[in-house]
Amino acid sequence: MNKKAQAIRQIIHVDMDAFYASVEQQDNPILRNQPVIVGGCGDRGVVCACSYETRAFGVKSAMSLAKALQLCPKAIVLPVRMERYRAVSREIFAIFDKFSDRVEPLSIDEAFLDVTGCDRLLGGPLEIARNIRKNIRNELGLPASAGIAPNKYLAKLASQAAKPDGLKMVLSEEVDDFILPLPIDALWGVGKKGKIQLNALGINTIGDLRRLRSEQLIRLFGVNGKRLYELAWGIDERPVVVENTVKSIGQEETFPADLFNVDTLQMHLLRLTEKVASRLRKNAVLAETLTVKVKYSDFQQVTRSKTIEKPSDSVPDMYPVAKGLFFKTEAGRRGIRLLGVIAGNLVPCETVQMTLFEDSQEKCKRKALDEAVDRIRDKYGDPGIKRGSLVD
Ligand SMILES: [Mg+2]
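Since this is a predicted model, take the numbers as computed values, not measurements.

Calculation notes
Residues numbered from 1 in each chain as written. Predicted model: local features only at pLDDT ≥ 70, side-chain atom pairs only at ≥ 80, totals over all residues. Heavy atoms only, no water. Donors = N, O, S within 2.8 Å, 3.2 Å for Na, K, Ca; no water. Helix = DSSP H or I, 4+ residues; strand = E, 2+ residues; numbered from the N terminus. Buried < 20%, exposed > 50% of the residue type's maximum accessible area, 1.4 Å probe, protein only. Pairing = 2+ DSSP bridges. Axes fitted to C-alpha atoms, helices over the stretch in contact; angles between N-to-C directions. Core = buried A, V, L, I, M, F, W, Y, C linked by side-chain atoms within 4.5 Å. Contact = heavy atoms within 4.5 Å. Left-handed = near helix turned anticlockwise from the far one by under 90°. Nonpolar A, V, L, I, M, F, W, Y, C, P; charged D, E, K, R; others polar. Phe/Tyr/Trp six-rings, centres within 6.5 Å; stacked < 30°, edge-to-face > 60°. Lys NZ or Arg CZ within 6 Å of the ring centre and 35° of its normal. Salt bridge = Lys/Arg side-chain N within 4 Å of Asp/Glu carboxyl O.

Re the coordination of the magnesium ion
Okay, so step 1: Note on the magnesium ion: its protein donors are Asp-15 (OD), Met-16 (O) and Asp-109 (OD). The metal-donor distances range over 2.2 to 2.5 Å.
Okay, so step 2: The sequence pattern formed by the donor residues of the magnesium ion is D-M-x92-D. Highlighted residues: Asp-15 in strand β1 (residues 11–16) and Asp-109 in the loop between β5 (103–107) and β6 (110–114), separated in sequence by 94 residues. Across the pair, Asp-109 and Asp-15 agree in class, each one buried.

A closer look at the sheet that holds β5
Okay, so step 1: Strands sit in the order β5-β6-β1-β7-β8 across an open sheet of five strands; the sheet is mixed. Each edge of the open sheet is held by one strand with a lone partner, namely β5 and β8 (167–169). Taking the axes of each pair of neighbouring strands and ignoring which way they run, one obtains an average angle of 15 degrees across the sheet.
Okay, so step 2: Relative to β6, β1 runs antiparallel, the two sharing five bridges. The residue bridging Asp-15 from the neighbouring strand is Glu-110, located in β6.

Some points on the nonpolar core
Okay, so step 1: Counting 38 residues, the largest nonpolar core has Phe-19, Phe-96, Leu-113 and Ile-136 as the members making the most contacts within it.
Okay, so step 2: Mapped by element, the contributors of at least two residues to this core are β1, α1 (19–27), β2 (36–39), β3 (47–50), α4 (82–99), β6, α6 (125–140) and β7 (144–149).
Okay, so step 3: Setting aside residues up to four positions removed in sequence, Ile-136 forms contacts with Val-14, Met-16, Ile-92, Ile-95, Phe-96, Gly-141, Leu-142 and Ala-144.
Okay, so step 4: Core analysis: the second largest hydrophobic core is formed by 31 residues, Leu-265, Leu-290, Val-302 and Val-321 among them.

A word on the packing of α4 against α6
Okay, so step 1: In contact at an axis separation of 10 Å, α4 and α6 are set at 145 degrees when each is read in the N-to-C sense. Regarding α4 and α6, the two cross each other, and that crossing is right-handed. Here Val-88, Glu-91, Ile-92, Ile-95, Phe-96, Lys-98 and Phe-99 of α4 lie close against α6, whose contacting residues are Ile-128, Asn-131, Ile-132, Asn-135, Ile-136, Glu-139 and Leu-140.
Okay, so step 2: In terms of residue class, the contact of α4 with α6 is built from nine nonpolar, two polar and three charged.

Concerning the packing of aromatic side chains
Okay, so step 1: Under the criterion given, the structure shown has seven aromatic pairs.
Okay, so step 2: Cluster of aromatic residues (ring-pair linked, three or more members): Phe-19, Tyr-20 and Tyr-85.
Okay, so step 3: We note Arg-210 situated over the ring of Trp-233; from NZ or CZ to the ring centre the distance is 4.1 Å.
Okay, so step 4: In this structure, Arg-334 is placed above the aromatic ring of Tyr-296, and the distance from its NZ or CZ to the ring centre is 3.9 Å.

Observations regarding the pattern of salt bridges
Okay, so step 1: Applying the stated criterion across every chain yields a total of 22 salt bridges.
Okay, so step 2: A salt bridge links Asp-17 to Lys-163; the shortest N-O distance between them is 2.6 Å. Taken as a pair, Asp-17 in the loop between β1 and α1 and Lys-163 in the loop between α7 (152–162) and β8 lie far apart in primary sequence, 146 residues in all.
Okay, so step 3: The exposure class assigned to Asp-17 is buried, which follows from its relative accessible area of 1%.
Okay, so step 4: Taking the relative accessible area as the measure of exposure, Lys-163 reaches 22% and is therefore partly exposed.
Okay, so step 5: Among the salt bridges present, the one from Glu-110 reaches Lys-156, with a minimum N-O distance of 3.0 Å. Of the two residues, Glu-110 is situated in strand β6 and Lys-156 in helix α7; the sequence distance between them amounts to 46 residues. Per residue, the accessibility class of Glu-110 equals that of Lys-156, and both read buried.

The following block contains the structure:
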């Protein structure tokens, strides 16, 4: 890749600080400056978000609520109010849209903005990022952090470094100074296992990682090795992808060998459903219909669709439907080479009326779990989180 030939991009990553907890503190002034945890109801919940007042005690998101309360007994635990956070999220994204038409949502509370070439109109990237943070603060009363860098990966690292409530810009000539001292698990794709593996080789920082050649990393980490190498050198060419007005969200997989075993196929079906549900939540939409797609060994393809009773973005609602559709195919009798799950007729969350007396405890618990799974997946990739209760 000829780097000189490429114009330097200007990417901003904006990430809300302790989003759910900050919304609760903003909505209810009594909670401000208090240790707030937003998480599951009942005694088996998980932490979905925690205010900075609780983080001082070591509380983290995705931690069990029991553990969090051990660390910070005075924490105020609040239920997840997803509809509210989604409404706030829409306002945040409306602010992003004022500054760039190239906005890539990463989750409910963070996005990449490509502001390359915007200079004349809206000021340089620094001014744009400042104004975005100011607008969010003035209009919504919420803290956001922003990172500015020549690519997505560095912009995200910069916003992490700026937290809480900060702004950091990394110029091309400052990239090495910025990333070399960072621990290797700051790199995308280095999870717990990768960290242990690298630490064992005496590699603790990104600077250490630079000592390894591309071939060595590929030998150690397979296809991810090349990517690790590039990230260690601050290279990330991925564009900011605008995913506008999604009509459907699907996930499919072609298997290396045709599958006959129904149990194995069901495991794949669950995993695909989880991925689709996670993307629905990220896009703040609910599915009205679900489709299961199957391609048999002979490449014949069939789809089976059904309307979901209540539009949903939740695995416990969606998986039983997907399973029913799956058993309407000839799975088990014919080899299957491809399996897919597609959510269709997507509706924005706010159009769905909440049933007044529905089992809100149960619902809250499920939401909390779904969101926690999303977070873990965002951070560590797909760790193979299984929902035991859903698997036969
Ligand atoms: Mg955030």
